[in-house]
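Here are the chains, one letter per residue:
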Amino acid sequence: MTTQRTDILKHYLRYLKLERNVTGNTLDAYERDVLKLMQFLDAEGLDPCYVGLPELQQFAASLHDLGVGARSQCRILSGVRSFFRFLELDGYRDDDPTELLESPQTGDHLPEVLTTEEVDRLEEAIDLSEPLGQRNRAIVEVLFSCGLRVSELVGLRLENIYADERFLRIYGKGRKERLVPISERALHELSLWFIDRNGLKIKPGEESYVFLNRLGAHLTRTMILIMIKRLAQEAGIQKTISPHTLRHSFATALLEGGADLRAIQAMLGHESIGTTEIYTHIDMTKLRQEILEHHPRNKR
């Protein structure tokens, strides 16, 4: 990559960080998307400041040829659109060639959800005699009761738990702040974990993190993913699940209980109501199944 392109990339990442308030994993993803584009342009001898729609369509086609899945293609092309909007905004270009760039159809993929009974089975599969058993139970309960992203859970700090008022202060994508109610049961599981937590030797600088490993350092997303998958296996749950499944289950349970879609949007921290509307499809899928199973015209 030439010096000019390196400078453009630096300016773009600074723009994302300072003006769009993008941080952490999201910032890394945007950078990876642009690097994929730059790699393609370098091979074709093209300049991002002058490239047109046909060349970008070729780039999109190359992703397909490389075996990149439709959803990943959509995410990469979303990052490319963001990059070209920046180039136009910052005066590198007079236009945005991605305005007519189409993304592949991904189909109506609905995420897996767990019933409350299945969440209970996850928690019952935890061996509380193990040193970190209570921590794991608290993690499952907080994920399900509050609908947190796993990144929000690992970043949760003691000062952001308001037990008397029964809510958490959460910093989500782009460091956007929201208040999330927390159930009495989740608070109870946390209080039991804090007893065990007090016995840990905590690393300097890690004192305020709620969830710690046995060495006294805060957890990573990968640690929680491994733990949830192991618990699902031990609980005999056949669904393919991850920590995010508990977030989907939280939203679906609220919708089935009659919660307003806007309220669910606020609790999940979704910018767009369109993102939250996927849960109406899940609810309708369940409703259809109920009708097929229980309506007298469907009984044989």
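Anyway, here's the lowdown on the structure attached to this text. (Residues numbered from 1 in each chain as written. Predicted model: local features only at pLDDT ≥ 70, side-chain atom pairs only at ≥ 80, totals over all residues. Heavy atoms only, no water.)

Turning our eyes to something else, we now look at the nonpolar core. Among the nonpolar cores identified, the biggest contains 39 residues, and L122, L190, F211, I224 and L246 are the most heavily contacted of them. Elements represented by at least two residues in this core include exactly α5 (116-124), α6 (133-146), α7 (150-154), β2 (167-171), α8 (184-197) and α9 (221-234). Top element by residues in this core is α6. It accounts for seven residues. Those residues in contact with F211 that lie beyond four places of it in its chain are R135, A138, I139, V142, L153, L190, W193, A217, H218 and L219. Counting residues in hydrophobic clusters, the runner-up holds 29 residues, among them Y30, M38, C49 and L101. (Core = buried A, V, L, I, M, F, W, Y, C linked by side-chain atoms within 4.5 Å. Buried < 20%, exposed > 50% of the residue type's maximum accessible area, 1.4 Å probe, protein only. Helix = DSSP H or I, 4+ residues; strand = E, 2+ residues; numbered from the N terminus. Contact = heavy atoms within 4.5 Å.)

A word on the packing of aromatic side chains. Inspection of every chain in the model, using the stated rule, returns eight aromatic pairs. An angle of 75 degrees between the planes, with centres 5.2 Å apart, marks the rings of Y12 and F83 as edge-to-face. Here F83 lies in helix α4 (residues 70-89) and Y12 lies in helix α1 (residues 3-18), a separation of 71 residues in the sequence. What makes Y12 buried here is its relative accessible area of 0%. Ring-pair connections join several aromatic residues into one group, and the members of that group are Y12, Y15, F83, F84, F86 and Y92. Against the face of Y209 rests R157, its NZ or CZ located 4.1 Å from the ring centre. (Phe/Tyr/Trp six-rings, centres within 6.5 Å; stacked < 30°, edge-to-face > 60°. Lys NZ or Arg CZ within 6 Å of the ring centre and 35° of its normal.)

Now for the sheet that holds β2. Read across the sheet, three strands follow the order β1-β2-β3 without closing on themselves; strand pairing throughout is antiparallel. Looking at the sheet topology across the chains shown, the edges are occupied by β1 (161-162) and β3 (177-181). Where β1 lies against β2, two bridges are found, and the strand directions are antiparallel. Of the residues in β2, the one forming a bridge with I161 is L168. (Pairing = 2+ DSSP bridges.)

A few words on the environment of M223. Within the secondary structure, M223 is located in helix α9. Through-space distance from the C-alpha of M223 to that of N213 is 9.1 Å; in sequence the pair is ten residues apart.

The next point concerns the packing of α5 against α6. Two elements in contact, α5 and α6, have axes whose closest approach is 9 Å; the angle formed by their N-to-C orientations is 160 degrees. One element, α5, and the other, α6, form an angle in the roughly antiparallel class. Of the two elements, α5 crosses α6, and the hand of that crossing is right-handed. Counted together, T116, V119, L122, E123 and E124 of α5 and R137, V140, E141 and F144 of α6 form the full contact between these two elements. (Axes fitted to C-alpha atoms, helices over the stretch in contact; angles between N-to-C directions. Parallel < 35°, antiparallel > 145°, perpendicular 65-115°, else oblique. Left-handed = near helix turned anticlockwise from the far one by under 90°.)

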